[in-house]
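One-letter residues, chain by chain:
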Amino acid sequence: MIGTSKAPWHLWAVGVVAILWNAFGCVDFTLTQLQGEVWLRNMKMTEAQIAAFGAMPAWTHVAWAVGVWGGLLGGVLLLLRRRLALPAFVASFAGFLAGLLHTYVLAPDPDLMPEGVWMMQAVIGLGCVLFIAYAWRQSKAGVLR
């Protein structure tokens, strides 16, 4: 382990939080892909929202997958103390930003978004930034190899 520091206790805490945080997104993505409208109805989406979701281009699903699975991978890599955690978290954030681009700029009717969803998206975006900052700091400190 030449050139690396001992893993601080908070690395484990942040890694576990990153895994749990992103696991929900992975479950949501997977169930949406497998169950489609059934899952979306369970999530209390309206018929108009479900129709808009069904009309989303394929690249938005790819961006969503990169966002959630990249974040999960970042959390695992963080626990494994790998420098690749940082690019995984960056890819996750890029996927998240691509989804926002579609939702608020390219979507034909952004008003279909449920009220208050912007707050959830702000929290997710902040989480992405914090995971990136943490991985960057641990990389610079020599904790990640």
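Residues numbered from 1 in each chain as written. Predicted model: local features only at pLDDT ≥ 70, side-chain atom pairs only at ≥ 80, totals over all residues. Heavy atoms only, no water.

Undergrad: Before we move on, can you summarise the overall build of the protein with the specific residues and values?
TA: Helix and strand counts for the protein stand at 6 helices and 0 strands. Reading the secondary structure of the protein in the N-to-C direction produces α-α-α-α-α-α. Considered along the principal axes of its C-alpha atoms, the protein spans approximately 55 × 25 × 25 Å. Evaluated residue by residue, the protein yields a buried proportion of 38% over its 145 residues. A fraction of 74% describes how many contacts in the protein between residues 6 or more apart in sequence connect residues 24 or more apart. Counting only carbon and sulfur atoms, one obtains 73% of the accessible surface of the protein, whose full area is about 8600 Å². (Helix = DSSP H or I, 4+ residues; strand = E, 2+ residues; numbered from the N terminus. Buried < 20%, exposed > 50% of the residue type's maximum accessible area, 1.4 Å probe, protein only. Contact = heavy atoms within 4.5 Å. Areas by Shrake-Rupley, 256 points an atom, 1.4 Å probe, with all protein chains shown as cover.)

Undergrad: Hey, could you go over the side chain of Thr60 for me, with residue numbers and the actual values?
TA: Inspection of the secondary structure puts Thr60 in helix α4 (residues 58–79). Within the structure, the side chain of Thr60 is placed 2.6 Å from the backbone oxygen of Pro57, a separation counted as a polar contact. (Polar contact = N/O pair within 3.5 Å; in protein donor to acceptor, adjacent residues only side chain to side chain.)

Undergrad: Give me the lowdown on the pattern of salt bridges, citing residues and values where you can.
TA: By the definition in use, this model includes 2 salt bridges. Arg41 serves as the salt-bridge partner of Glu37, at 3.1 Å between the closest nitrogen and oxygen. In this pair, Glu37 and Arg41 are both assigned in helix α2 (residues 37–42), 4 residues apart and thus about one turn of the helix distant. Given a relative accessible area of 44%, Glu37 falls into the partly exposed group. You can call Arg41 partly exposed: its relative accessible area is 37%. Ionic pairing is found between Arg41 and Glu47, a salt bridge with its closest N-O pair at 3.1 Å. Salt bridges linked by common partners bring Glu37, Arg41 and Glu47 together as one network. (Salt bridge = Lys/Arg side-chain N within 4 Å of Asp/Glu carboxyl O.)

Any functional reading would require information beyond the geometric quantities listed.
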